[in-house]
Amino acid sequence: MTAGPRPDCSNAISVPSAETTRASTPADRSRPVGIFISPVHVGAVLLWCALLPIGPPRGGELIGAPADGRRSPHRLRAATRRAPLSSAAGAPGPATAPGRSRYGPGARTTRRRTPAGHARPATTTHEGTRTLRSDLTTCGTPVGERYGDRLFNGAEDGELARLTALAQAFDPATRHRLDAVGIRPGWRCMDVGAGPGSVTGWLAERTGDGGEVLAVDRDTRFLEPLRQRGVGVLRADLLDPATDPGLFDLIHARFVVMHIRERGQLLRRLASWLRPGGLLVVGDNADLGTPGSPHERYRTTMAALWLALEQAIGTDVDHGRRLPAALAAAGLVDIGAAVDIPPIGPGTPMSRFWRLTLAQARPLVVATGLADHADVDAVEAYLEAPDTWDLSLGLVTAWGRRPRAE
C-alpha cells in the first residue's frame, strides 16, 4: 500500500548539519561535533505533524470554488472511496461506464458535473469553500439493493396507482410500436417486468387463442388476475442461471433494463430466449425533457431524483440512448428505434406518476443535497398547476431480431 503525501516538517526544528558544524576551538576545528536531539523535540515534531490535515475535509471539497458561493466548474474531489455497487447475490456488479452517467459519480472516484440547466446547491460551507455530500454511495439504502426491494416495493401504498399511471402514459405508444414490428396471432410472447399487466393483457388479445403469453416479474401480486384470461404468470429473477422460460417469437420489456445493474447480461439472456427470427423489443428512459424545462426547481429536483435512483438501485436514466447499440452487442440484427414523450400537466398520467414517485423517493432525493423538501413541494404543486405544460422522460423503444438459422 502506497502511503499518502506527508506534510513538510522541515521547518519545525532547524538542526545544523554534521557536515557544516565544526568545533569552535582551533584544535578541534577539523573534527565534526556530535548532534544531540532531545526526545522532547522529537515528540513535539511528531505531534505537530499528526495534527496537520493530510487530505480534504470529510465529504470532499469543491476545489477552486469561490468564497462568495457562486457556481464553479471545477470538479469535486472525494475524501473517501466509494464502495462498489453489487448485485443481489453480493458479487460486485458492473458500474456505469466512465463518462456514461450524466448525474452520478464514477465507480471509484466521485467526479460530478452539473448537468446543463441544473443548479447544484451546496450542502455545507467550510471556510468559504463549498462542499458536497460524499455519502451518496447508497443514499441511505443497502449497497446492492435492487428495484422493488424497498424502493418501489409492491406492498407500498400507492405503488399500483403509480405503475398504472405510467402504463396509461405510455401504453398507446408501446402498442403502436409492437404493432409496427409485426406481432402475429399464434405467437409465443413474454412480457418482462410486466408490472400491472396492461401490456401483457394486450399481447394476449393480439396473439389470440392460438398464441401464448407469459408475464414475468420478481413480484407478481398485480399480475395474478391475468391467469383467469389464460395468461401465464411466472415469478422469477431472469438473472438467475436456473431460470429458463423457453423460446419466444417476441420478448418485450419496458422500463426494466434501465433499473438493472447487469444490463448487458440481462439483454444477452433475453436474446438467447428468442427463436430464430424472433424479436426483442425493449423500452427505456432517456431524459429528453427535464434539462430544458423553464421551471428551475423542476429541473433541479428531477436531477436529484435521477442521482438518487442511480446511487440507490443502479438506475441508468439515459439507457434508452444506448439501447440500439446494446441490442447489437447482444447479437441482434435489423435494429430499429423510436421515441415517444408524453407531456406533464394538470390531470395527466405523467403528472400523477411523478407525484407518486416523489412521494416514495423523497427521502433519497433530499439526501442527495441537490434539492430540499421545499423544492419537492414546489415541484408537486407545479405538476398540477393549471398553466403547466412541460416534458419529462422520453420512452426510447428499440427492437432487434435474432438471426435466422442458415
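Check the entry above for the structure.
Note that this is a predicted model, so its numbers are computed, not measured. (Residues numbered from 1 in each chain as written. Predicted model: local features only at pLDDT ≥ 70, side-chain atom pairs only at ≥ 80, totals over all residues. Heavy atoms only, no water.)

A.B. asks: Quick one: what's the story with the overall build of the protein, residue by residue and with numbers?
C.D. replies: What the protein contains, in helices and strands, is eight helices and 13 strands. In the protein, which comprises 406 residues, the proportion classed as buried is 48%. Sequence separation of at least 24 residues holds for 73% of the intrachain contacts in the protein that already meet a minimum separation of 6. When the accessible surface of the protein is summed, it comes to about 20,100 Å², and 54% of that surface belongs to carbon and sulfur atoms. (Helix = DSSP H or I, 4+ residues; strand = E, 2+ residues; numbered from the N terminus. Buried < 20%, exposed > 50% of the residue type's maximum accessible area, 1.4 Å probe, protein only. Contact = heavy atoms within 4.5 Å. Areas by Shrake-Rupley, 256 points an atom, 1.4 Å probe, with all protein chains shown as cover.)

A.B. asks: Tell me what's going on with the layout of surface pockets, and back it up with residues and numbers.
C.D. replies: Empty space within the largest pocket amounts to approximately 970 Å³. Looking at the largest pocket, it is lined by 47 residues, and the ones nearest its centre are Tyr147, Gly193, Asp217, Phe255 and Val256. Those elements giving two or more residues to the lining of the largest pocket turn out to be helix 2 (159-181), strand 5 (188-192), helix 3 (198-207), strand 6 (212-217), strand 8 (248-254), helix 5 (296-313) and helix 7 (349-367). The biggest single contributor to the lining of the largest pocket is helix 2, with five residues. By residue class, the composition of the lining of the largest pocket is 25 nonpolar, ten polar and twelve charged. (1 Å grid on protein atoms, 1.4 Å probe; cavity = no way out; pocket = protein on both sides within 12 Å on 5 of 7 lines; lining within 4 Å. Points joined across faces, edges and corners; volume = space filled by probe spheres on them. Nonpolar A, V, L, I, M, F, W, Y, C, P; charged D, E, K, R; others polar.)

A.B. asks: Lay out the pairing of strand 13 (residues 394-401) in plain terms, naming residues and giving numbers.
C.D. replies: When you tally the buried positions in strand 13, you get six out of eight residues, the bulk of the element. Sheet topology note: the strand 9 (residues 274-286)/strand 13 ladder contains eight bridges and is antiparallel. Along strand 13, the bridge assignment pairs leucine 280 with glycine 400. Here six bridges tie strand 10 (residues 333-340) to strand 13, and the two strands are oriented antiparallel to one another. (Pairing = 2+ DSSP bridges.)

A.B. asks: How would you sum up the packing of helix 5 against helix 8 (residues 373-383)? Please name residues and give values.
C.D. replies: Packed helix pairs are characterised by how far apart their axes lie and by the angle those axes make with each other. Contact pair helix 5 / helix 8: the axes reach a minimum separation of 9 Å and the direction vectors enclose 115°. The two elements helix 5 and helix 8 meet at a crossing, and its hand is left-handed. Residue-level contacts link Arg297, Tyr298 and Thr301 of helix 5 to Ala374, Asp375, Val376, Ala378, Val379, Tyr382 and Leu383 of helix 8. Across the contact of helix 5 with helix 8, the residue classes tally to seven nonpolar, one polar and two charged. (Axes fitted to C-alpha atoms, helices over the stretch in contact; angles between N-to-C directions. Left-handed = near helix turned anticlockwise from the far one by under 90°.)

A.B. asks: For the environment of glycine 264, give the residues involved together with the corresponding values.
C.D. replies: Structurally, glycine 264 can be placed in helix 4 (residues 263-272). Residue glycine 264 is classed as partly exposed on the basis of its relative accessible area, which comes to 36%. Between the C-alpha atoms of glycine 264 and alanine 329, which are 65 residues apart in sequence, the distance is 8.3 Å.

A.B. asks: Got a sec to walk through the sheet that holds strand 10? Specific residues and values, please.
C.D. replies: Note: strands within a sheet are paired through backbone hydrogen bonds, in either parallel or antiparallel orientation. With mixed pairing, seven strands are arranged side by side in an open sheet as 7-6-5-8-9-13-10. For this open sheet the edge positions go to strand 7 (232-235) and strand 10, each flanked by a neighbour on one side alone. Recorded for the sheet is a direction-independent mean angle of 15° between the axes of neighbouring strands. Taken together, the four bridges between strand 6 and strand 7 define a ladder with parallel strand orientation. What sits directly across from aspartate 217, in strand 7, is arginine 235. Of the strands in this sheet, strand 5, strand 6 and strand 8 touch helix 3, which is tilted by about 170° from strand 6.

A.B. asks: Just give me the short version of the packing of helix 7 against helix 8, but keep the residues and values in it.
C.D. replies: Relative orientation of the contacting elements helix 7 and helix 8 amounts to 180°, with a least axis distance of 10 Å. In this view, helix 7 runs roughly antiparallel relative to helix 8, as classed from their interaxial angle. For the pair helix 7 and helix 8, the contacting residues are Ser351, Trp354, Arg355, Leu358, Ala359, Arg362, Val365 and Val366 in the first and His373, Val376, Asp377, Val379, Glu380 and Leu383 in the second. Partitioning the contact of helix 7 with helix 8 into residue classes produces eight nonpolar, two polar and four charged. (Parallel < 35°, antiparallel > 145°, perpendicular 65-115°, else oblique.)

A.B. asks: Explain the side chain of serine 351 to me, using residue names and the numbers behind them.
C.D. replies: As for its position among the elements, serine 351 is in helix 7. Residues in contact with serine 351, not counting those within four places in the same chain, are Ile344, Gly345, Leu383 and Glu384.

A.B. asks: Lay out the pairing of strand 8 in plain terms, naming residues and giving numbers.
C.D. replies: Buried residues dominate strand 8, accounting for seven of its seven residues. Here four bridges tie strand 5 to strand 8, and the two strands are oriented parallel to one another. What sits directly across from valine 192, in strand 8, is alanine 253. Across six bridges, the pairing between strand 8 and strand 9 is parallel. For arginine 254, the partnering residue across the bridge sits in strand 9 and is glycine 283. Chirality of the crossover, the property in question, places the unit of strand 8, helix 4 and strand 9 among those that are right-handed. (Right-handed = clockwise from strand over helix to strand, strands pointing away.)

By themselves these figures say nothing about function.
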